[in-house]
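Breakdown of the fold
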Amino acid sequence: MSDLQQFIFGRLTWQDFIHEPIMAGAGIGMIVALIALIGLVTYLKKWKWLWKNWLTTLDPKKIGVMYLIVSVIMLLRGGADALLVRAQQVVNNSNGVELLNSDHFQQIFTAHGSIMIFFVAMGLIFALFNMIVPQQIGARDVAYPFLNSVSFWLFAAGMILINAPMIVGEFSTAGWLAYPPLSGLEYSPGVGVDYWIWSLQIAGIGSLLSGVNFFMTIIKMRAPGMKMMMMPIFTWSVFVTVLLIMTVFPILTVSLGLLSLDRLMDMHFFTTDAGGNPMLYINLIWAWGHPEVYILVLPAFGVFSEVVSTFSSKKIFGYTSMVFALIAIAFFSFVVWLHHFFTMGAGANVNTFFGITTMIIAIPTGVKVFNWIFTMYRGRVRFTTPMLWFMGFVVTFTIGGLTGVMLSVPPADFQFHNSLFLVAHFHNMIIGGVVFGVFSAITYWFPKFTGFKLHEGLGKAAFWCWLIGFILAFGPLYILGFMGAVRRLDHYDPSLGWEGLFIVAAVGVVTIGLGVAFQLLQVTVSIINRKKYKVGPDPWGARTLEWATATPPAEYVFATTPQVKSRDEFWAMKQEGRSFSKKYEDVWLPKNSSVGLLIGLLATGFGLAVVWHMWWAVLLTFVAIVVILVIRLTNDDTEMKLSAEEIARHEAALQRRAA
Amino acid sequence: MTTRAKEIAETQERKSLGLWVYLMTDCMLFGALFATFATLNTHVGVFGGPSGADLFNLKFVLVETMLLLTSSFTIGLAYLCATRGFKAQSMFWLISTFLLGASFLALELWEFNQLAAEGHGWWSSAFLSAYFVLVGTHGAHIAVGLIWMAVVIFRLLQRNFKQTDVQRLSLLSLFWHFLDIIWIFIFSFVYLIGGMS
């Protein structure tokens, strides 16, 4: 390779575009889908619409929808990875059939874990933050609308980087948390770990900025009268979540940064020589990683609190204890990280401390579960799809919680550690908790944003497929874990007799896949028949402020600033026959900005350039980001006026349409 | 006050508080780096290689510290002058701050260069990796602060101390003070404790 070529392309060569059949197929499929999408937008002449209404928007409702779309696409990608993992374990290289070679298998499970956590679960909760929180606290916008768009586009940049290896290069084989020394230069010299680092680093910075944004939104933008202890529980859960995000995401930034410096600049943080310490990485990454799982699940708790209360037609049971349970969970989440590596050998005293703190978390969580059940008690419960997801959650999450308590006992953990028992446990929490929570939320809030409900029958079919599929897919994993099956297992000796259980697990994954198919069908059918499923602004008999506005909400959401008097403000308004004031005033909304999109694109370029060692491009993209940020941040003209007359006219039109 | 004026004031207040909150997250970032340093610092004994006591020149670091502390004082003066409409004085103090900050950064880079030239670069031991990254991250923040300051100076001159630009100066001042506090910790933990043991 000539010097010039190396200067321009770094370590990129034509060879890096050549992949084995399955990956090449996926990569080509991705490119074809992208070209088809671009063709479709061009054919429908929708570029201007796309640019004005979506790509450059600073409206949190729309940014939320974009988070949702990206996350759902990533759910399909991560789901396909899961299918491949299980298929390989069923085929098990028997009769000489090798579905995935060992290296490709490692790449796929690493991608599955990383994508599901960072680009599905995180994306989905940010979608909910954006769509629900401002409306629930009676605000028109988040604290920093422009920053919000930057956060989204950094998330999108990370998403592109984690999918890029399907086209060029390879992905990490070091697992979703990339433990050194395996992830160090010595054992992973290729681009895979770098892709992993920079995808997460860029998306992680976006998450941190979102955290600050929503913290400030909740602290500063609540409608007059809404004290902290009057906020809906969902908003409370988001508040506690963003506190966690702000505290721990910088630690992720540091862990990834130091790992990257080890790889790029020959440093010795986590190497096995020159005084480096791989266990330091594992401590750091779990100091982020454990709170992270609460970052994912607390918003789901918030969703269920709203759903149970609405569909039981009762106020939430034990509001204050719910809030303090959230805070207690958040607090304890900081002091349990070592339970992820009891086997490190920190000694009996240290392990005991972390074992006990871990068990304590079960108490506030139990408080929440009982409060939800007491909310249903003597309520007029309606068994709609969101409520089914809730009840499925109570069952699966409680099972997951119990196996979690088993794992928290250090001597027992030496047996469970790194086994499929653990894998089953955390899928129990993340699917049964986060994913069910988000599905419940989507079904619940869907009519708020579209004006029509989702098809109930198909929703219920999807729910049962997910629940049964989930039990089939992860039940056997608990048993296999006891039998000694470990994670990252691409094949095993057939004489172990694990095949039957792996087949059951694969059937479970297919059943979940069927559930996803039902959901896609549900959305399609509902959109086609949207006139038939049309509903008014309050389809569920809801209790919180976001339901008090038009459906779908106007750009300015609240025509006048609400004056809050009650915890369940909308419920109180309905009971007391109150409505919003009609004294319209001018409203200022942020102008569209393409800077967020631009930063996202440049960050993608920056990531690719670092991964491939194209140093000139690293410098160029970095300087470009700084320059456009300076230009944007010294600009004072970023808002536009919506006059009182315009609002009055728009509100009148909304009234006519509703009547 | 009209509703709009109140809104603008609230937006401004939100920006200051938001930056402060962001700086607290930055504190966590430095916290993780300090923890890393504290861990790897102790590995010197096991692994060998030079320790802080062998490498640091405390008098030199004291000069750096004085430069940075003074710059924190001058940026405070710059902001106070700007809010009272003393434009020339404000500009004088701002430029002084910039020069002090730039000298600090130059000294730090010189120190880094010196260490690397003697063969004690970031590649030679875990302790030195941690040292370079912790101190270097602070230095990178100073560099960001200097770019920010250059932009603020340019805008203040260009738009003749427009209210919004003075508010930007207040945010910069908050950031600059924060870097000072971090430096106090670096000075105490890395140089004083590390340099004497």
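In what follows, the accompanying structure is described. Owing to the predicted nature of the structure, the values given are computational and were not obtained by experimental measurement.

When you go through chain B residue by residue, the secondary structure sums to seven helices and zero strands. Counting over 197 residues, chain B shows a buried share of 48%. Summing over all exposed atoms, chain B offers an accessible surface of approximately 9000 Å²; the carbon and sulfur share of this is 71%. Charge-centre separation for chain B: the mean point of 11 positive side chains lies 18 Å from the mean point of 11 negative side chains.

Regarding its fold elements, chain A presents 20 helices and two strands. The C-alpha atoms of chain A give a radius of gyration of 25 Å, which matches the 26 Å a tight globule of 659 residues would have. Dimensions of chain A along its principal axes, counting C-alpha atoms only, are 70 × 60 × 50 Å. Put simply, chain A has 659 residues, and 58% of those count as buried. When contacts within chain A are restricted to residue pairs at least 6 apart in sequence, long-range pairs at least 24 apart make up 83% of them. Accessible area of chain A: about 26300 Å², with a carbon and sulfur share of 70%. Averaged over its 42 positive side-chain charges, chain A has a centre that lies 17 Å from the centre of its 35 negative ones.

Moving on: unusual backbone geometry. Residue and element names in this part refer to chain A. Here Pro 180 and Pro 181 are connected by a cis peptide whose omega angle stands at 5°. One can find Pro 181 in the loop between helix H6 (145–163) and helix H7 (192–220). Cis rather than trans, the peptide bond between Thr 551 and Pro 552 has omega equal to -15°. Within the secondary structure, Pro 552 is located in the loop between helix H16 (499–528) and helix H17 (569–576). With phi around 65°, Arg 488 is a residue other than glycine that occupies positive phi space.

Let us look at the interface of chain B and chain A. Contact residues are listed per partner, giving 34 residues for chain B and 36 residues for chain A. Both sides together, the interface formed by chain B and chain A hides about 3100 Å², and carbon and sulfur atoms give 68% of it. Three residues stand out in chain B for area buried against chain A, namely Arg 4, Arg 14 and Met 28 of chain B, and they jointly supply 19% of the buried area on that side. Put simply, chain B and chain A have five salt bridges between them. One salt bridge in this structure joins Asp 636 of chain A and Arg 168 of chain B, with 2.7 Å as the shortest N-O distance. Counting the contacts that link chain B with chain A gives 14 residue pairs in polar contact (both at pLDDT 80 or more). Looking at the side of chain B that touches chain A, the elements that each hand over two or more residues are helix H1 (3–41), helix H6 (126–158) and helix H7 (163–196) of chain B. Here the side of chain B that touches chain A takes 18 residues from H1 of chain B, the largest share from any one element. Classifying every residue of the side of chain B that touches chain A gives 15 nonpolar, ten polar and nine charged.

So, about the packing of aromatic side chains. Counted by the stated rule, this structure contains 78 aromatic pairs over all chains. Within the aromatic cluster, the residues linked to one another by ring pairs are Phe 37, Phe 56, Phe 104, Phe 112, Trp 122, Trp 123, Phe 127, Tyr 131, Phe 132, Trp 183 and Tyr 191 of chain B. Sitting over the ring of Trp 54 of chain A, Lys 62 of chain A keeps its end group 5.9 Å from the ring centre. Between the NZ or CZ atom of Arg 632 of chain A and the centre of the ring of Phe 146 of chain A, over which it lies, the distance is 4.2 Å.

For the structure shown, the criterion picks out 19 salt bridges over all chains. Between Asp 636 of chain A and Lys 162 of chain B there is a salt bridge, with its nearest N and O atoms 2.8 Å apart. With one member in each of two chains, Asp 636 of chain A in the loop between helix H19 (615–633) and strand E2 (639–642) and Lys 162 of chain B in the loop between H6 and H7 form a pair that bridges those chains. Given the relative accessible area of 29%, Asp 636 of chain A is considered partly exposed. Residues Arg 4 of chain B and Glu 7 of chain B are paired through a salt bridge, measuring 3.3 Å at the closest nitrogen-oxygen approach. Of the two residues, Arg 4 of chain B and Glu 7 of chain B are both situated in helix H1; the distance of three residues between them amounts to about one turn of the helix. One salt-bridge network, held together by shared partners, links Asp 636 of chain A together with Arg 159, Lys 162, Asp 165 and Arg 168 of chain B.

Let's shift gears to the packing of H1 of chain B against H6 of chain B. Residue and element names in this part refer to chain B. Following both chains from N to C, one finds H1 and H6 inclined at 160°, their axes separated by 7 Å at the closest point. Classed by the angle they form, the pair H1 and H6 counts as roughly antiparallel. In the packing of H1 onto H6, the handedness of the crossing is left-handed. Of H6, the residues touching H1 (which contributes Leu 19, Asp 26, Leu 29, Phe 30, Leu 33, Phe 34, Phe 37, Leu 40 and Asn 41) are Ala 126, Phe 127, Ala 130, Tyr 131, Val 133, Leu 134, Thr 137, His 138, His 141 and Trp 148.

This next bit is on empty space enclosed by the protein. Summed over all chains, the structure comprises one cavity of 30 Å³ or more. For the largest cavity, the calculated volume is near 30 Å³. Forming the boundary of the largest cavity are Ala 274 and Gly 275 of chain A together with Leu 40, His 43, Val 44, Phe 47, Gly 48, Ser 125, Ala 126 and Phe 127 of chain B. Elements represented by at least two residues in the lining of the largest cavity include exactly helix H2 (44–47) and H6 of chain B. Residues of the lining of the largest cavity, tallied by class, amount to six nonpolar, four polar and no charged.

A word on helix H15 (residues 456–483) of chain A. Residue pairs spaced three or four apart in an α-helix point in one direction, given the helix's 3.6 residues per turn. When the terminal C-alpha atoms of H15 of chain A are compared, their 41 Å separation across 28 residues agrees well with the 40 Å that a helix rising 1.5 Å per residue should span. Within two residues after H15 of chain A, Gly 484 of chain A carries a phi angle of roughly 110°, on the positive side.

Looking now at the packing of helix H18 (residues 595–611) of chain A against H19 of chain A. Residue and element names in this part refer to chain A. Axis separation between H18 and H19 bottoms out at 8 Å; the angle between their running directions is 160°. For the element pair H18 / H19, the angle class is roughly antiparallel. As for how H18 packs across H19, the hand of that crossing is left-handed. Within the contact between the two elements, H18 uses Val 595, Leu 598, Ile 599, Leu 602, Ala 603, Gly 605, Phe 606, Ala 609 and Val 610 and H19 uses Trp 615, Ala 617, Val 618, Thr 621, Phe 622, Ala 624, Ile 625, Ile 628, Leu 629 and Arg 632. A class-by-class count of the residues in the contact of H18 with H19 yields 16 nonpolar, two polar and one charged.

Residue and element names in this part refer to chain A. Judged by side-chain polarity, Leu 4, Phe 7, Ile 8, Phe 9, Trp 616 and Leu 620 come together as a nonpolar surface patch covering roughly 620 Å² of accessible area. Of all elements in the fold, only helix H1 (3–9) and H19 reach the threshold of two or more residues within the nonpolar patch. Counting residues per element, the nonpolar patch draws most heavily on H1, which supplies four residues. Among the residues examined, Phe 9 registers a relative accessible area of 40% and is labelled partly exposed.

Along the chain, the position of Thr 217 of chain A falls in helix H7. Apart from residues lying up to four places away in sequence, Thr 217 of chain A is in contact with Ile 137, Asp 141, Val 142, Ala 143 and Arg 222 of chain A.

On to the environment of Gln 158 of chain B. Within the element layout of this structure, Gln 158 of chain B appears in helix H6. Within the structure, Gln 158 of chain B has its side chain in polar contact with the side chain of Arg 155 of chain B (distance 2.7 Å).

Judged by nonpolar contacts, the single largest core of 251 residues is most densely connected at Trp 288, Trp 372 and Trp 445 of chain A together with Tyr 131 and Tyr 191 of chain B. For this core, the element with the highest residue contribution is helix H9 (residues 278–311) of chain A, accounting for 19 residues. Not counting residues up to four positions away in its chain, the partners in contact with Trp 372 of chain A are Phe 301, Phe 304, Ser 305, Val 308, Ile 316, Met 322, Phe 390 and Phe 393 of chain A. Counting residues in each nonpolar core, the second largest holds eight residues, with Ala 554, Ala 559, Val 587 and Leu 589 of chain A among its members.

For the rest of this paragraph, the subject is the side chain of Ser 72 of chain B. Residues and elements named next belong to chain B. Topologically, Ser 72 is positioned in helix H4 (residues 58–83). Classification of Ser 72 as buried rests on a relative accessible area of 7%. Within polar-contact distance, the side chain of Ser 72 engages the side chain of His 177 at 2.9 Å. For Ser 72, the contacting residues outside a window of four places in its chain are Trp 176, His 177 and Asp 180.

Rules used in this analysis
In this numbering scheme, every chain counts its residues from 1 along its sequence in written order. Both sets of labels track the order of writing: A upward for chains, 1 upward for ligands. Whole-chain, interface and lining totals are the exception, using all residues; otherwise, since this is a predicted model, local features are given only for residues with pLDDT of at least 70 and side-chain atom pairs are given and counted only at 80 or more. Excluding hydrogens and water, the side-chain values take into account all heavy atoms of the structure. Helix and strand assignments follow DSSP, with helices taken as H or I runs no shorter than four residues and strands as E runs no shorter than two, numbered in order from the N terminus. Remark: exposure states derive from per-residue accessible area (1.4 Å probe, protein chains only) relative to the maximum for the residue type, with buried under 20%, exposed over 50%, and partly exposed in between. Residue-level accessible areas treat just the shown protein chains as cover; the underlying method is Shrake-Rupley with a 1.4 Å probe. We count Lys and Arg on the positive side and Asp and Glu on the negative side, and we leave His and both chain ends out. To locate a charge, take NZ of a lysine, CZ of an arginine, CG of an aspartate or CD of a glutamate. It is over C-alpha atoms that the radius of gyration is taken, and the globule rule equals 2.2 Å times the number of residues to the power 0.38. Contacts are assigned to residue pairs that have any heavy atoms within 4.5 Å of one another. Here's the idea: put two parts together, see how much 1.4 Å probe accessible area each one loses, and the total over both is what we call buried area. Here, a salt bridge means any side-chain nitrogen of Lys or Arg that lies within 4 Å of a carboxyl oxygen of Asp or Glu. Counting of polar contacts relies on pairs of N or O atoms within 3.5 Å, with two restrictions inside protein: one atom must be capable of donating a hydrogen and the other of accepting it, and residues adjacent in sequence are counted only when both atoms are side-chain atoms. Throughout, the ten residues Ala, Val, Leu, Ile, Met, Phe, Trp, Tyr, Cys and Pro are labelled nonpolar, Asp, Glu, Lys and Arg are labelled charged, and all others, Gly among them, are labelled polar. Any two rings among Phe, Tyr and Trp, with Trp reduced to its six-membered ring, count as a pair given centres within 6.5 Å; such a pair is stacked if its planes are under 30 degrees apart, edge-to-face if over 60, and tilted if neither. Only when the NZ of Lys or the CZ of Arg is both within 6 Å of the ring centre and within 35 degrees of the ring normal is a charge said to sit over the ring. Angles here are taken between N-to-C directions and fall from 0 to 180 degrees, while the axes themselves are lines fitted to C-alpha atoms, restricted in helices to the stretch in contact. We call two directions roughly parallel when the angle between them is under 35 degrees, roughly antiparallel when it is over 145, roughly perpendicular when it lies between 65 and 115, and oblique otherwise. By convention, the crossing between two helices is left-handed when the near helix turns anticlockwise from the far helix through less than a right angle, and right-handed when the turn is clockwise. Here a cavity denotes a set of grid points, spaced 1 Å apart and computed over the protein atoms alone, in which a 1.4 Å probe fits but from which it cannot get out, and a pocket denotes an open set meeting protein on both sides within 12 Å along at least five of seven lines; residues with an atom within 4 Å of a point are reported as lining. Grid points are joined across faces, edges and corners, and a volume is the space filled by probe spheres set on the points. For a helix, the expected span equals 1.5 Å multiplied by the residue count minus one. Each patch groups residues whose relative accessible area exceeds 30% and which form no salt bridge, using 9 Å between like charges and 5 Å between nonpolar side chains of Val, Leu, Ile, Met, Phe, Trp and Tyr. In this description, a nonpolar core means a group of buried Ala, Val, Leu, Ile, Met, Phe, Trp, Tyr and Cys residues linked to one another through side-chain atoms lying within 4.5 Å.

Purely spatial values, then, with no claim about function.
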